[in-house]
Amino acid sequence: MSKILDEYLASNLQELKDNGLYNEINVVEGANGAEITIEGQKLINLSSNNYLGLATDETLKKVAKEAIDSHGVGAGAVRTINGTLDLHVELEKKLAEFKGTEAAVAFQSGFNCNMAAIQAVMNKEDAILSDELNHASIIDGCRLSRAKIIRVNHSDMDDLRKKAKEAVESGLYKKVMYITDGVFSMDGDVALLPEIAEIAKEFDLITYVDDAHGSGVMGKGAGTVKHFGLQNDIDMQMGTLSKAIGVVGGYVAGSQDLIDYLKVAARPFLFSTSLTPGDTRAITEAVQMLMDSTELHDKLWENGDYLKKGLKELGFNIGNSETPITPCIIGDEKTTQEFSKRLMEEGVYAKSIIFPTVPKGTGRVRNMPTAAHTKEMLDEALAVYEKVGRELNVIS
């Protein structure tokens, strides 16, 4: 092994550990549900993105197995050769219907969506206005495009209007895009899409909404864009199929021309094997379930409101979340990690989130109640939070 590399890795790992920034990875033994087992210990799980509990749904498991029997375990090729199965076509029609757009295209992950779609549409002659709290995959997709990246203060519409005006009137760019998360995953707040849409019309901005944490959660399940009735005003909607949908993958929805273009210009679509048959069939079934009923969506919000109320009454700082995502903001990184560790020892799995996922000094435990949690589980978790919070002087 290279001595230079060895020294570099050892030095950086030690620095992360000294600063409380090294993240230990826990291994889940079995399914990722409302309760999980780690090292033989049964824990109430408040760290999953399995918002609706669909990752362990019996119907989805059944249809996935049937698809494996009929189509095999893999698609066998990239989409442009012979890796486009009838199952993929069915899924994309269903996603477009779900999102209220002309068409949609599925990718292997949500991260791949942002790497694919942003660089396919934007280039070095363009500019991208990007909310400062956007997800890492958006940041990387913007960098890959080689467009000029202009950071916009978080949900600051005056700053957006000012920077949009400057970018457009400068004459330096052929196209200008504004890109934002629909729901911000670390704080649970929602993008101001109606105001964004108005500013976009004023300056002819391309609009791109990453709805990874909004699909299945907002708009009775159809997402943040539909929540505001803006499916005809937002150019590009991106979402994941691994969170509320419970499987894996991502999608971009929009006009037929947009999707046709992405299928010939988006590199992950062109150069990576397509979604597996089992995953694809399970996703289609999950989307249909959300279109048929709001029961899971309603239960998610009920549980989210219940946990929020309990934590706030105990004195925890839960920020300004507008969704079931419920952060407990601790601040200091080492205290945050110790808080998470003690929760786990007491039977609650709530992972610490620290820099670089969030800014330094804003460490938090991110809680995600799901539709699968019972009130009894949440009450038990709240009791543990109170005990550990007082023990570590996080609450008085």
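See the structure shown above.
Below you will find a few notes about this structure. (Residues numbered from 1 in each chain as written. Predicted model: local features only at pLDDT ≥ 70, side-chain atom pairs only at ≥ 80, totals over all residues. Heavy atoms only, no water.)

## Some remarks on the pattern of salt bridges
In the structure shown here, the tally under the stated rule is 26 salt bridges. Linking K220 and D298 is a salt bridge whose minimum nitrogen-to-oxygen distance equals 3.6 Å. In this pair, K220 sits in the loop between β7 (206-210) and α8 (224-227) while D298 sits in helix α12 (residues 295-314), placing the two residues 78 residues apart along the sequence. Residues joined in a network through salt bridges with shared partners are R342, E345, E346, K387 and E391. (Salt bridge = Lys/Arg side-chain N within 4 Å of Asp/Glu carboxyl O. Helix = DSSP H or I, 4+ residues; strand = E, 2+ residues; numbered from the N terminus.)

## Here we look at helix α7 (residues 193-203)
Every buried residue of α7 is listed here: L193, I196, A197, I199, A200 and F203. For α7, the buried positions fall inside an angular range of 165 degrees around the axis, keeping them on one side. On the buried face of α7, the contacting elements are α6 (157-170), β6 (176-181), β7 and α8. In the segment just after α7, D204 is the residue with positive phi, at about 55 degrees. (Buried < 20%, exposed > 50% of the residue type's maximum accessible area, 1.4 Å probe, protein only. Arc of directions from axis to C-beta. Contact = heavy atoms within 4.5 Å.)

## Regarding the environment of A167
Summarising the element assignment, A167 is placed in helix α6. By relative accessible area, A167 is classed as buried at 4%. The spatial distance from the C-alpha of A167 to the C-alpha of K226 is 28 Å, given a sequence separation of 59 residues. Excluding its chain neighbours within four sequence positions, the residues that come into contact with A167 are I150, Y173 and V176.

## Remarks on the nonpolar core
Residues Y51, L52, L95, I245, I283 and L300 are the most contacted members of the largest nonpolar core, which totals 31 residues. Sort the elements by how many residues they give to this core and helix α11 (residues 277-292) lands first, with five residues. Here I245 is in contact with L54, L60, T240, I283, A286, V287 and L290, once residues within four sequence places are set aside. Counting 27 residues, the second largest nonpolar core, distinct from the first, contains A147, I179, I206 and F269. (Core = buried A, V, L, I, M, F, W, Y, C linked by side-chain atoms within 4.5 Å.)

## Focus on the sheet that holds strand β2 (residues 41-45)
Spatial strand order, β1-β2-β11: three strands in an open sheet with mixed pairing. On the outer flanks of this sheet lie β1 (35-38) and β11 (348-349), each paired with one strand and no other. Inspection of the sheet shows β1 paired to β2 by four bridges, in the antiparallel sense. Counterpart to T37 in the pairing with β2 is K42. (Pairing = 2+ DSSP bridges.)

## Here we look at the packing of helix α3 (residues 86-99) against α11
Following both chains from N to C, one finds α3 and α11 inclined at 25 degrees, their axes separated by 9 Å at the closest point. For the element pair α3 / α11, the angle class is roughly parallel. In this structure, α3 crosses over α11, and the sense of that crossing is left-handed. Between α3, through L87, H88, E90, L91, K94, L95, E97 and F98, and α11, the contact on the second element is made entirely by P277, T280, R281, I283, T284, V287, Q288, L290 and M291. Taken together, the residues of the contact of α3 with α11 sort by class into nine nonpolar, four polar and four charged. (Axes fitted to C-alpha atoms, helices over the stretch in contact; angles between N-to-C directions. Parallel < 35°, antiparallel > 145°, perpendicular 65-115°, else oblique. Left-handed = near helix turned anticlockwise from the far one by under 90°. Nonpolar A, V, L, I, M, F, W, Y, C, P; charged D, E, K, R; others polar.)

## A look at the packing of aromatic side chains
All chains considered together, the criterion is met by four aromatic pairs. Ring geometry for F316 against F339: centres 5.9 Å apart, planes inclined by 70 degrees, an arrangement best described as edge-to-face. Of this pair, F316 sits in the loop between α12 and β10 (326-331) while F339 sits in helix α13 (residues 333-345), placing them 23 residues apart in sequence. In this structure F339 comes out as buried when scored by relative accessible area, which is 0%. Pairing F316 with Y385 gives two aromatic rings, centres 5.5 Å apart and planes at 90 degrees, and the pair type is edge-to-face. (Phe/Tyr/Trp six-rings, centres within 6.5 Å; stacked < 30°, edge-to-face > 60°.)

## Points about the side chain of R79
With respect to the helices and strands, the residue R79 is situated in the loop between α2 (58-71) and α3. Owing to a relative accessible area of 7%, R79 belongs among the buried residues under this scheme. Polar side-chain contacts of R79 include one of 2.7 Å to the side chain of T84. Setting aside residues no more than four positions away along its own chain, R79 makes contact with T84, H88, E92, A106, K263, F269 and S274. (Polar contact = N/O pair within 3.5 Å; in protein donor to acceptor, adjacent residues only side chain to side chain.)

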